[in-house]
Amino acid sequence: MNINKIQSSKIDSINFDKLAFGQTFTDHMFICRFREGKWQEPEIKPYGSLTLDPASSVFHYGQAVFEGMKAFKDDQNQVWLFRPEENFKRINRSAKRLQIPEFPESYFFEGLNTLLSMDSAWIRPGKGNSLYIRPFVFASQASVQASAANEYVFIIICAPVKSYYTGGEINVLIAEEYSRAANGGVGFAKAAGNYAAQFYPTSEALKNGFQQIIWTDADSHEHMEEAGTMNIFFKINNTLVTAPTNDRILDGITRKSIIALAKHNGISVEERPVKVQEIKDAHQAGTLEEVFGTGTAVVVLPISSFSHQKQVYKLPKTTPLADSLKEQLMDIQYNLAEDPFEWRRGIH
Ligand SMILES: Cc1ncc(COP(=O)(O)O)c(C=O)c1O
């Protein structure tokens, strides 16, 4: 791997107490190009702009996938990743679906390890502080032919972030018109276009006072699937229920960690189709105790209300299970608790 260090760090100009999510980036980035049928020697270099041909096929056909993961620092200044092998496997599952060549495991982990060691000063210790890591890959071949490219760029950039806390209510709209994903489509992949397709319906929902949309199945809109960047859980009668993953739903790493933690806490968890009507009935019967989203950015985010067919359903203000699972998960991430599942990976 070629390493090209910055002359002087920009870290002193950063106000770590006022970080807008994902808008400040560290000093270096990892970059690796695919050409002539193989991934070339990777490089770590100063964070900066790219020069791309206007015909680069990503601009025309959206052949691009990405990941989102975090690094944490404990009180001894040790940096930890959380289940990074899951992100590695997932970016290659996404890449395969988008006909992008899979990325070598050794490049991914050596790249991450070196990049995080070089930029470790950007990770502040303390629960809530973390480094958001964005690996992504896109088609760079200069061609407007509508077919898979033969050149790609794989990059990892990193952004220091504070804990995601809006302070306000999270009111969600249950989708009745638009859909996020279709059977046989790319919903399970972190394909860039999946997110672009949500921006219009989500901004319409925002205008009506909703912070997020919970997507339902495209056929009937009767089943709850997931939110924009979160999987969704419902606590009904002391049981945690969440939709099973399939080709329309992202297999969230926080989702599977929360399922494991909940079971470890003796809570029964059901992964099964969740009907909107079932949730409304449980609300009516007073057995819907909590609704929360899970994802790398938010960890666990309690939902304040949901709306369906113009009817608003308020949820209980206290969310003891969501709060407890969030604390337990973060304690593992920050090396403040035992890690019975062996989820932490140290950076050396
Ligand atoms: C569509 C979607 N669902 C769920 C999630 C949560 O996944 P994870 O817990 O791996 O961050 C994300 C974010 O990565 C997402 O983009």
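Rules used in this analysis
- Within each chain, residues carry numbers counting from 1 in the order of the written sequence.
- Local features are withheld for residues below a pLDDT of 70 in this predicted model, meaning they are given only at 70 or higher, and side-chain atom pairs are given and counted only at 80 or more; totals for whole chains, interfaces and linings count all residues.
- To get the side-chain values, all heavy atoms of the structure are used, and hydrogens and water are removed first.
- The way it works is that DSSP assigns letters per residue, a run of H or I at least four long becomes a helix, a run of E at least two long becomes a strand, and they are numbered from the N terminus.
- We take the radius of gyration over the C-alpha atoms and set the globule estimate at 2.2 Å times the residue count to the 0.38 power.
- A 1.4 Å probe rolled over the protein chains alone gives each residue an accessible area, and that area as a share of the maximum for its type sets the label: buried under 20%, exposed over 50%, partly exposed in between.
- Per-residue accessibility takes into account occlusion by the displayed protein chains alone, with areas from the Shrake-Rupley method and a 1.4 Å probe.
- Lys and Arg are tallied as positive, Asp and Glu as negative. Neither His nor the chain termini are counted.
- Throughout, a charge is located at the NZ atom of Lys, the CZ atom of Arg, the CG atom of Asp or the CD atom of Glu.
- Each nonpolar core is a collection of buried residues, namely Ala, Val, Leu, Ile, Met, Phe, Trp, Tyr and Cys, held together in the definition by side-chain atoms within 4.5 Å.
- In this description, contact between two residues means that some pair of their heavy atoms is separated by no more than 4.5 Å.
- One bridge is not enough; two strands pair if DSSP finds at least two bridges between them.
- Interaxial angles span 0 to 180 degrees and are taken between N-to-C directions of axes, which are lines fitted to C-alpha atoms, for helices over the stretch in contact.
- Expected span, for any helix, means 1.5 Å times one less than how many residues it has.
- Each direction from the helix axis to a C-beta atom contributes to the arc, which is the arc of those directions.
- When at least one non-hydrogen atom of a residue lies within 4 Å of a molecule or strand, that residue is treated as near it.
- As used in this structure description, the phrase polar contact means that two N or O atoms lie within 3.5 Å; if the pair is within protein, one of them must be able to donate a hydrogen and the other to accept it, and residues adjacent in sequence are counted only when both atoms belong to side chains.
- Planes of paired rings set the category: under 30 degrees apart is stacked, over 60 is edge-to-face and the rest tilted, where pairs are Phe, Tyr or Trp rings (Trp by its six-membered ring) whose centres lie within 6.5 Å.
- Here the word oblique covers every angle except those under 35 degrees (roughly parallel), over 145 (roughly antiparallel) and from 65 to 115 (roughly perpendicular).
- We call Asp, Glu, Lys and Arg charged. Ala, Val, Leu, Ile, Met, Phe, Trp, Tyr, Cys and Pro are nonpolar, and the rest, Gly among them, are polar.
- Those domain boundaries reflect an automatic or database domain assignment.
- Using a 1.4 Å probe, buried area is obtained as the accessible area two parts lose upon being combined, added over both of them.
- For salt bridges, the criterion is a side-chain nitrogen of Lys or Arg within 4 Å of an Asp or Glu carboxyl oxygen.

1. Comments concerning the overall build of the protein chain
Each helix and strand counted, the protein chain has seven helices and 21 strands in total. A globule of 348 residues ought to have a C-alpha radius of gyration of about 20 Å, and the protein chain, at 21 Å, matches this closely. Scored against the burial criterion, the 348 residues of the protein chain give a buried share of 50%. Accessible surface, the protein chain: about 16000 Å² in total, of which carbon and sulfur atoms supply 48%. Side-chain charges in the protein chain split into 36 positive and 40 negative, and the spacing between the mean points of these groups amounts to 2 Å.

2. Structural notes on the environment of Ala192
Checked against the element boundaries, Ala192 lands in helix H4 (residues 192-207). Judged by its relative accessible area of 33%, Ala192 falls in the partly exposed class. In the structure, Ala192 is positioned ten residues away from Ala182 in sequence and 16 Å away in space, judged by C-alpha atoms.

3. Overview of the nonpolar core
Grouped together as the largest cluster of nonpolar side chains are 37 residues, with contacts concentrated most on Ile133 and Phe154. When contributions to this core are tallied by element, the ones reaching two or more residues are strand E2 (28-35), strand E6 (69-73), strand E7 (79-82), helix H2 (84-97), helix H3 (105-118), strand E8 (130-139) and strand E9 (152-161). The residues touching Ile133, leaving out its near neighbours within four places in the chain, are Glu67, Gly68, Met69, Lys70, Ala71, Leu81, Leu112, Leu116, Ile156, Ile157 and Cys158. Ranked by size, the runner-up nonpolar core spans 23 residues in total, among them Val274, Ala282, Val298 and Leu301.

4. Side note on the sheet that holds strand E14 (residues 239-242)
Think of a sheet as strands paired side by side through backbone hydrogen bonds, with each pair either parallel or antiparallel. Read across the open sheet, the five strands follow the order E15-E14-E13-E17-E18; overall the sheet is mixed. The open sheet has two free edges, formed respectively by strand E15 (268-271) and strand E18 (299-302), since each of these has just one partner strand. Recorded for the sheet is a direction-independent mean angle of 25 degrees between the axes of neighbouring strands. For E14 and E15, the ladder comprises four bridges, and the chain directions are parallel. Residue Thr242 lies in a different strand from E15, and its bridge partner there is Glu271. On top of the sheet, helix H6 (residues 276-285) reaches strand E13 (231-236) and strand E17 (288-295); it is set at about 40 degrees to E13, its chief contact. Where helix H7 (residues 320-333) meets the sheet, its contacts fall on E13, E14, E17 and E18, and the angle it forms with E18 comes to roughly 165 degrees.

5. What to know about H3
In this model, H3 (14 residues) spans 20 Å end to end at C-alpha, consistent with the 20 Å of a helix rising 1.5 Å per residue. Along H3, the positions that sit buried rather than exposed are Phe108, Gly111, Leu112, Leu115 and Leu116. Around the axis of H3, the buried residues are gathered within 115 degrees of arc, so they sit on the same side.

6. Description of the site of the ligand
The environment of the ligand is formed by 16 residues, the closest being Lys190, Tyr195, Glu226, Thr254 and Thr296. Here an oxygen atom of the ligand sits 2.6 Å away from a polar atom, N or O, in the side chain of Lys190. Within the contact set of the ligand, an oxygen atom lies 2.5 Å away from a side-chain nitrogen or oxygen of Tyr195. In the complex, the protein chains occlude 97% of the 380 Å² of accessible area that the ligand would expose alone.

7. Points about the packing of aromatic side chains
Evaluated as defined, the whole model comprises 23 aromatic pairs. Judged by centre distance (4.8 Å) and plane angle (65 degrees), the rings of Phe72 and Tyr334 are edge-to-face. Placement of the pair is Phe72 in strand E6 and Tyr334 in the loop between H7 and strand E21 (344-346), with a sequence separation of 262 residues. In this structure, Phe72 and Tyr334 share a single accessibility class: buried. When the ring of Phe88 is compared with that of Phe109, the centres are 5.8 Å apart and the planes differ by 55 degrees; the resulting orientation is tilted. Taken together, the residues span a long stretch of sequence, with Phe88 in helix H2 and Phe109 in helix H3 at a distance of 21 residues. Residue Phe109 is classed as partly exposed on the basis of its relative accessible area, which comes to 26%.

8. A look at the packing of helix H5 (residues 253-264) against H7
Where H5 contacts H7, the two axes come as close as 10 Å, and the packing angle between them is 110 degrees. One element, H5, and the other, H7, form an angle in the roughly perpendicular class. In this structure, H5 uses Thr254, Ser257, Ile258, Leu261 and Ala262 to contact H7, whose residues at the interface are Leu325, Gln328, Leu329 and Ile332. For the contact of H5 with H7, the residue count by class is six nonpolar, three polar and no charged.

9. Observations concerning the domain arrangement of the protein chain
The figure often quoted for interface size is the accessible area lost as the parts come together. You can read the domains of the protein chain as domain 1 (2-161) and domain 2 (171-333). Taking the mean C-alpha position of each, domain 1 and domain 2 sit 27 Å from one another. Overall, the association of domain 1 and domain 2 removes approximately 1900 Å² of surface from exposure, summing both partners, and the carbon and sulfur fraction of that is 62%. It is Phe82, Arg90 and Lys127 in domain 1 that bury the most area against domain 2; as a group they hold 30% of the surface buried on that side. On inspection of domain 1 and its partner domain 2, the count reaches four salt bridges. The closest approach of N and O atoms between Lys127 and Asp331, which form a salt bridge, is 2.5 Å. The interface formed by domain 1 and domain 2 includes twelve residue pairs in polar contact (both at pLDDT 80 or more). Within the residue set of the side of domain 1 that touches domain 2, elements represented by two or more residues are strand E5 (64-66), E6, E7 and H2. Counting residues per element, the side of domain 1 that touches domain 2 draws most heavily on H2, which supplies six residues.

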